[in-house]
Amino acid sequence: MVCNGHYSVPLVPELEGMENFQGTVIHSHNYRDPVDFQDKTVLLLGRGASGQDICINMALHTKQIFLSHNKTPLKSRLPENVSQVTGIAKLTPDGAVLNDGSYINFDVLMLCTGYKYTFPFLSEECEVSTTNERVSPLYKHLIHTKYPSLCFVGLCKTICPFPQFHSQVLFYVKTLKEDITLPSQEEMKRDGDDNLQWRLESGMPERHAHVMGPLQWNYNHWLANTGNFTKIPNNVERLYDAVHEVRVTDLMHYKDVNYELIGDDSFKVLE
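Below is a summary of the structure that appears in this document. This is a predicted model, so every value here is computed, not measured. (Residues numbered from 1 in each chain as written. Predicted model: local features only at pLDDT ≥ 70, side-chain atom pairs only at ≥ 80, totals over all residues. Heavy atoms only, no water.)

### Considerations on helix α5 (residues 234-249)
- Over its 16 residues, α5 runs 23 Å from end to end, which matches the ideal 22 Å to within 8%, given 1.5 Å per residue.
- All buried positions along α5 are accounted for by Asn-235, Val-236, Leu-239 and Arg-247. For α5, the buried positions fall inside an angular range of 110° around the axis, keeping them on one side.
- Turning to α5, the residues buried within the fold contact α1 (49-58), α2 (161-176), α4 (216-227), β11 (258-262) and β12 (266-270). (Helix = DSSP H or I, 4+ residues; strand = E, 2+ residues; numbered from the N terminus. Expected span 1.5 Å × (residues − 1). Buried < 20%, exposed > 50% of the residue type's maximum accessible area, 1.4 Å probe, protein only. Arc of directions from axis to C-beta. Contact = heavy atoms within 4.5 Å.)

So, in structure tokens, the structure goes:
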């Protein structure tokens, strides 16, 4: 059972002109203290969870922040010294040319660009590929299709993590105890390939092979139903979705709200 996580080896994109940039380059993995960026102009590349949270965390200390990405602009109100800009086309010694042709100067480039899947402790005989950030060959993002006693817990991204990890472990143990029978190697491989093809046809890049988001709940239910164990309570899904909605509209304050789960179906906001 491989449970080494995937937040330790930074994914550093190849940016034109990186070797020419004279400022500081840091990955979000090494971010510790916003005071280190006092009065600096910072460009955060990437508006995922790390980019958004670091943006809010350091805004009181920085002179200006550029949140650089090619996604739909964030709807939430942001600190006054934060501006959303497009992605980087080319770095220069003191800044960058952006994809929209504009030019900006900054002191620090922080790469909020995610992490690599890496399993340096597995030998080549295990036949595990991490090409384009897709771990394969796996059945249901979990079980090696050729060596089904080998599983990978926690590969999925954009999820409610620990409840899903628990479900994955329960499913895997069921296969070891032979309480459930896995499909043939060929069928499991086909299932994984079909899932990737569906994602590609839906407009997702291959590197999003394990990104779940709203897909996580049907996946979790499938694990529980197929493994014949208790599914994640409904209110966990409802609370996750509710907090997400608050985050979308109030990124600066959503962490200030506390909740209490009530039974398996409801929750309440704590005053």
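### Some details on the side chain of Asn-235
- Relative to the helices and strands, Asn-235 resides in helix α5.
- A distance of 3.4 Å separates a polar side-chain atom of Asn-235 from the backbone oxygen of Ile-262.
- Once residues within four sequence positions are removed from consideration, Asn-235 is found in contact with Leu-261, Ile-262, Gly-263, Asp-264, Asp-265, Ser-266 and Phe-267. (Polar contact = N/O pair within 3.5 Å; in protein donor to acceptor, adjacent residues only side chain to side chain.)

### Side note on unusual backbone geometry
- The peptide bond linking Ser-136 to Pro-137 adopts the cis configuration, its omega dihedral lying at 0°.
- Within the element layout of this structure, Pro-137 appears in the loop between β8 (108-111) and β9 (138-139).
- Its identity as a non-glycine residue notwithstanding, His-141 has a phi of 60°, on the positive side.
- You can see His-141 is positioned in the loop between β9 and β10 (143-144).

### What to know about the nonpolar core
- Phe-37, Val-42, Leu-44, Ile-54, Met-58 and Met-110 are the most contacted members of the largest nonpolar core, which has 19 residues in total.
- Going through the elements one at a time, β2 (41-45), α1, β3 (64-68) and β8 are the ones with two or more residues in this core.
- By residue number, the principal contributor to this core is α1, which donates three residues.
- What Phe-37 contacts, discounting residues up to four positions off in sequence, is Ile-26, Tyr-31, Val-42, Met-58, His-61, Thr-62, Val-108 and Met-110.
- Core analysis: the second largest hydrophobic core is formed by 16 residues, Cys-151, Phe-171, Tyr-219 and Phe-229 among them. (Core = buried A, V, L, I, M, F, W, Y, C linked by side-chain atoms within 4.5 Å.)

### Remarks on the pattern of salt bridges
- Counting across every chain of the model gives seven salt bridges.
- Notably, a salt bridge pairs Asp-191 with Lys-140, separated by 3.3 Å at the nearest N-O pair. With Asp-191 in helix α3 (residues 185-201) and Lys-140 in the loop between β9 and β10, this residue pair connects regions lying 51 residues apart in the sequence.
- Glu-260 is paired through a salt bridge with Lys-268; the nearest N and O atoms lie 3.9 Å apart.
- When its relative accessible area of 40% is taken as the criterion, Lys-268 is described as partly exposed.
- One connected set of salt bridges, linked through shared partners, spans Asp-53, Arg-247 and Lys-255. (Salt bridge = Lys/Arg side-chain N within 4 Å of Asp/Glu carboxyl O.)

### Describing the sheet that holds strand β1 (residues 24-27)
- Within the open sheet, the five strands sit side by side as β1-β8-β2-β3-β4. Their pairing is parallel. With partners counted over all chains shown, the strands left at the sheet margins are β1 and β4 (82-85), one partner each. Here the strands of the sheet are splayed against their neighbours by 20° on average, with no regard to which way each runs.
- Where β1 lies against β8, four bridges are found, and the strand directions are parallel. (Pairing = 2+ DSSP bridges. Axes fitted to C-alpha atoms, helices over the stretch in contact; angles between N-to-C directions.)

### Considerations on the packing of α2 against α4
- The contact between α2 and α4 brings their axes to 9 Å, and the two run at 30°. In terms of orientation, α2 and α4 fall into the roughly parallel class. The element α2 and its partner α4 pack so that their crossing is left-handed. Within the contact between the two elements, α2 uses Gln-164, Ser-167, Gln-168, Phe-171 and Lys-174 and α4 uses Gln-216, Tyr-219, Asn-220, Trp-222, Leu-223, Thr-226 and Gly-227.
- Grouping the constituent residues of the contact of α2 with α4 by class yields four nonpolar, seven polar and one charged. (Parallel < 35°, antiparallel > 145°, perpendicular 65-115°, else oblique. Left-handed = near helix turned anticlockwise from the far one by under 90°. Nonpolar A, V, L, I, M, F, W, Y, C, P; charged D, E, K, R; others polar.)

### Examining the sheet that holds strand β7 (residues 103-105)
- Across the sheet, which stays open at both edges, the three strands sit in the order β5-β6-β7 with antiparallel pairing between neighbours. Each edge of the open sheet carries a strand with a single partner, namely β5 (88-92) and β7. Taken over all neighbouring pairs, the strand axes of this sheet differ in orientation by 25° on average, direction set aside.
- Note: β5 against strand β6 (residues 95-98), four bridges, orientation antiparallel. Residue pairing across strands places Ile-88 opposite Leu-98, the latter belonging to β6.

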